[in-house]
Structures are given as structure tokens and as C-alpha cells.
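# A closer look at the structure
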Amino acid sequence: MPRHILVKELDIRKGQTSTAADWLNSVPGFRTSAAFFSFLRANLVLPPLTPNSNTSTPLLHPSSSQTLPPLTHSSVATIAADDGVVSTNTLSSIPPLTTITLSSGPDKVAALELVADSIAQQRQLASRAVIFHPITIAMYILVVGIVSQLIYCERSDLAFVATTSVGMTMACLILIITSRYVNLAEEFLLKFVKDQGEDDVIIGSRYSDEIIGALILSLERKGNGNNKKMKSGKLGGKGVVRAWTTGTRYRGAGVGTGMLEEAVRATREKLGNSAEVRFAAEHANSKMVLPELFNGVFRRREAKAARALVSVVERMEPGDKKR
């Protein structure tokens with residue numbers, strides 16, 4: 001049984017001694033607390049210490065018997081996923097990106113449709129080139145000024161009449177000019193089906209079950225198609241890229257570069273290491289519908305594509321492999 005020792009205290013006011021408990025009870029607010037702690041002391045019973053598992057009960061002193069179970073592959077993946085890191089199981093579920101020469105009919109059709117879509121999508125680029133060109137903006141301001149002088153009834157009608165008339169005019173002009181790209185897309189498909197040769201190669205990038213990139217390569221052999229080999233045992237000629245495009249969602253991710261590398265590899269396998277690879281002068285996206293004044297953005301895109309091909313060719317030179 002625990003023994004409670006009462007501490008004697010000198011009460012100066014009454015000249016007699018009292019216990020600390022009596023003094024606390026005389027102070028307002030402490031009486032309830034003292035009763036509460038007395039209740040806890042009487043009813044709180046700690047269970048006897050029993051040995052438990054080493055992994056669930058921490059020890060406060062060093063012990064060699066307390067060891068954690070080894071982390072398995074699944075537990076490491078689970079911890080990484082809880083910490084915000086992608087687990088190995090999640091990475092394995094991501095489909096790979098493959099760039100190969102297409103051989104099946106459905107894959108070739110999907111690649112050709114992707115090229116045709118890239119031609120039709122140029123109308124959006126052409127529209128922006130026309131609308132935001134400095135000359136177009138100046139003409140717009142001039143037309144608004146003329147309309148405001150000729151058609152002026154009330155001050156409240158001025159802005160409405162000017163913006164409506166000019167907006168409708170610009171919309172009609174853009175629709176007439178840029179609708180030509182849709183016709184070019186249809187013409188490309190018909191021309192490819194008609195002029196397709198045996199040496200035309202369609203390279204595609206596949207992500208899961210979807211073709212997200214397409215490149216059309218024509219192999220032009222030396223000697224007007226003569227298959228006679230040169231002294232070095234290699235065929236001569238060049239590879240001409242007739243079309244090169246990537247789906248809008250996947251642009252800027254290196255898909256196009258991978259197709260250019262595959263085009264260079266396929267050309268050198270069939271025509272030799274000295275074969276040249278370049279873009280065709282009349283490739284799928286070479287048609288210019290707008291006046292040359294508005295074609296600056298298209299010319300810059302062509303130059304960028306040409307630089308990308310030159311960079312791939314230089315990086316894949318046979319002499320680099322020996323270094």
C-alpha cells in the first residue's frame with residue numbers, strides 16, 4: 001500500500017500549522033483539481049508489464065534482438081509510392097514508344113491520315129499569320145476609320161457598326177484563303193496512292209496502339225533505279241523525306257527526332273553509308289497558300305526542320321562510331 005506523507009506547513013496568519021492539502025483546498029479553484037487528482041490516484045491501475053513483440057513495442061535501451069523485418073521488393077515499391085515517387089509497378093505499366101518501318105495496311109493508313117491532318121492544321125497557323133501581321137492590323141485600323149466616317153448616325157452605333165463589318169470581312173477572307181489547306185490534304189492522299197513506288201518507306205512512331213508520328217521516305221537509287229552495286233559493294237543514292245509530322249499532343253517530346261534517326265538508318269542500310277538524306281523540295285507541307293508576305297512563319301518552320309535533319313545526320317555519321 002502506498003503511503004501518503006503530509007507535509008507540515010506554518011500558517012503565519014493563524015499562528016498554527018496546517019497541511020499543504022488543507023492550504024490548497026482553501027484557495028478557490030484548487031479544490032476541484034485536488035479532488036480530480038485524488039480520484040485518478042485511487043482508480044488508475046496500470047497493468048503489469050508483459051513481454052510483447054519486439055517490433056511493436058519500442059525499447060528505450062540498445063538491444064540486438066529488436067530488428068525490423070527485411071524490406072521486400074513490394075514493400076519498397078509501396079513506400080516509394082506513399083512518398084510521392086512512382087513505383088516500379090507503375091513504370092512497368094507505361095506502354096513503350098517504338099519507332100519502326102510500318103508494314104501493315106492499317107498502320108500505313110493511320111500514318112497517312114496523320115500527315116493529311118498536319119496539312120489541314122496549317123490553316124490555323126495561316127490564320128494567325130494573317131490576323132496578327134502588322135500590315136493587317138494597320139489595314140484594320142484604316143477600315144475602321146473609314147467606316148466610322150461614312151456610316152455615322154449616333155455615337156452609340158459607331159463601335160458596333162465598325163467592328164461588326166470589319167470582323168465579318170476578315171472572317172470571310174480568312175475562310176476563303178485557309179480553306180485551301182483542306183483541299184491540299186485531300187490532294188496529298190490521292191497523289192500518294194497514285195504515285196507510291198516500291199522504294200517508298202513509311203516510318204511510324206507507335207505509343208500503345210496509336211500511331212503518333214509519321215515519316216514518308218523515298219529511296220532514290222543512282223542510275224535511274226539500276227540495282228547494280230558500286231565498287232565498294234554498296235548501292236548509291238539518297239533518301240528523300242516527303243513528309244514528317246507528329247501528333248499535336250506529342251510535339252516537342254523527341255518523337256520527330258526518333259523518326260529522322262530511323263529514316264537515316266533505313267537509308268544507309270539500303271543505299272550505303274554514303275547515301276544522302278534530305279527533305280524533298282515539294283514535301284507534304286511545302287505548299288504556300290498565302291502571299292509570300294505572310295509566309296515567314298512557314299519558312300522558319302522549314303528551316304528548323306532542315307537543321308534538325310542535318311543535326312541527326314551529323315550525329316549518326318559512321319566515323320563517329322569509331323571514336
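Preceding this section is the structure that the text describes.
Residues numbered from 1 in each chain as written. Predicted model: local features only at pLDDT ≥ 70, side-chain atom pairs only at ≥ 80, totals over all residues. Heavy atoms only, no water.

### Observations concerning unusual backbone geometry
- In this structure, Ser208 takes a positive phi of about 60° despite not being glycine.
- Structurally, the position occupied by Ser208 is in the loop between strand 4 (200-207) and strand 5 (210-221).
- Ser208 gets classed as partly exposed once you look at its relative accessible area, which sits at 38%. (Helix = DSSP H or I, 4+ residues; strand = E, 2+ residues; numbered from the N terminus. Buried < 20%, exposed > 50% of the residue type's maximum accessible area, 1.4 Å probe, protein only.)

### Thoughts on the pairing of strand 7 (residues 276-279)
- Burial of the side chains of strand 7 is restricted to one face: Val277 and Phe279 are buried, whereas none of Glu276 and Arg278 on the reverse face is.
- As paired elements, strand 6 (residues 237-246) and strand 7 share 4 bridges and run parallel to each other. Among the inter-strand pairings, Val240 is bridged to a residue of strand 7, identified as Arg278.
- With helix 10 (residues 255-271) bridging strand 6 and its parallel neighbour strand 7, the resulting β-α-β unit is right-handed. (Pairing = 2+ DSSP bridges. Right-handed = clockwise from strand over helix to strand, strands pointing away.)

### Here's the deal with the nonpolar core
- Core analysis: the biggest nonpolar cluster contains 25 residues, and Phe188, Ile202 and Ile216 have the highest contact counts within it.
- Put simply, the parts of the chain that give this core at least two residues each are helix 5 (105-120), helix 6 (122-131), helix 9 (180-195) and strand 5.
- At 7 residues, helix 5 tops the list of elements feeding residues into this core.
- Not counting residues up to four positions away in its chain, the partners in contact with Ile216 are Leu112, Phe188, Phe192, Val201, Ile202, Val240, Val241, Arg242 and Ala243.
- In terms of nonpolar packing, the next biggest core, distinct from the first, is built from 20 residues, Leu217, Leu219, Val241 and Leu309 among them. (Core = buried A, V, L, I, M, F, W, Y, C linked by side-chain atoms within 4.5 Å. Contact = heavy atoms within 4.5 Å.)

### Remarks on the sheet that holds strand 7
- Pairing within the open sheet is mixed, and its 5 strands lie in the order 3-4-5-6-7. Across the chains shown, the open sheet's two edge strands, defined by having one partner strand only, are strand 3 (97-101) and strand 7. Across the sheet, the mean angle separating the axes of adjacent strands is 25° when strand polarity is ignored.
- Here strand 4 pairs with strand 5 via 8 bridges, running antiparallel. Looking across to strand 5, one finds that Gly204 is bridged to Ala214.
- Sheet strands touched by helix 11 (residues 296-315): strand 6 and strand 7. Its angle to strand 7, the strand with the most contacts, is close to 165°. (Axes fitted to C-alpha atoms, helices over the stretch in contact; angles between N-to-C directions.)

### Digging into the environment of Phe132
- Looking at where Phe132 falls in the secondary structure, it is placed in the loop between helix 6 and helix 7 (134-150).
- Between the C-alpha atoms of Phe132 and Phe294, which are 162 residues apart in sequence, the distance is 9.9 Å.

### With respect to the pattern of salt bridges
- What the rule picks out here adds up to 9 salt bridges.
- A salt bridge links Glu292 to Arg299; the nearest nitrogen and oxygen atoms lie 3.1 Å apart.
- Note on Arg299: relative accessible area 36%, which makes it partly exposed.
- Glu302 is paired through a salt bridge with Arg299; the nearest N and O atoms lie 3.7 Å apart. Of this pair, Glu302 and Arg299 both sit in helix 11, 3 residues apart, roughly one helical turn.
- Residue Glu302 is classed as partly exposed on the basis of its relative accessible area of 26%.
- Linked by salt bridges that have partners in common, Glu292, Arg299 and Glu302 make up one network. (Salt bridge = Lys/Arg side-chain N within 4 Å of Asp/Glu carboxyl O.)

### Focus: the packing of helix 5 against helix 9
- Contact geometry for helix 5 and helix 9: axes closest at 7 Å, N-to-C directions at 150°. If you check the angle between helix 5 and helix 9, you find them roughly antiparallel. Every pair of crossing elements has a handedness; the one defined by helix 5 and helix 9 is right-handed. The residues of helix 9 that touch helix 5, namely those facing Leu112, Val115, Ala116, Ile119 and Ala120, are Tyr181, Leu184, Ala185, Phe188, Leu189 and Phe192.
- Per-class residue counts for the contact of helix 5 with helix 9 are 11 nonpolar, no polar and no charged. (Parallel < 35°, antiparallel > 145°, perpendicular 65-115°, else oblique. Left-handed = near helix turned anticlockwise from the far one by under 90°. Nonpolar A, V, L, I, M, F, W, Y, C, P; charged D, E, K, R; others polar.)

### Observations regarding helix 5
- In this model helix 5 runs 23 Å from its N-terminal to its C-terminal C-alpha over 16 residues, within 8% of the 22 Å that 1.5 Å per residue would give.
- In the core, the buried residues of helix 5 are packed alongside helix 6, helix 9, strand 4, strand 5 and strand 6. (Expected span 1.5 Å × (residues − 1).)

### Digging into a nonpolar patch on the surface
- Judged by side-chain polarity, Ile135, Met139, Leu142, Ile146, Leu150 and Leu293 come together as a nonpolar surface patch covering roughly 600 Å² of accessible area.
- Within the secondary structure, Ile146 sits in helix 7. (Patch = residues over 30% accessible without salt bridge, like charges linked within 9 Å, V, L, I, M, F, W, Y side chains within 5 Å. Areas by Shrake-Rupley, 256 points an atom, 1.4 Å probe, with all protein chains shown as cover.)

### Things to note about the pairing of strand 5
- A large share of strand 5 lies buried, amounting to 9 of its 12 residues.
- In textbook terms, the turn of a hairpin is the stretch between consecutive antiparallel strands, and for strand 4 and strand 5 this stretch comprises 2 residues, one of which, Ser208, has a positive phi near 60°.
- Bridge count between strand 5 and strand 6: 9 bridges; the pairing is antiparallel. Bridge assignment links Leu217 to a residue of strand 6, and that residue is Val241.

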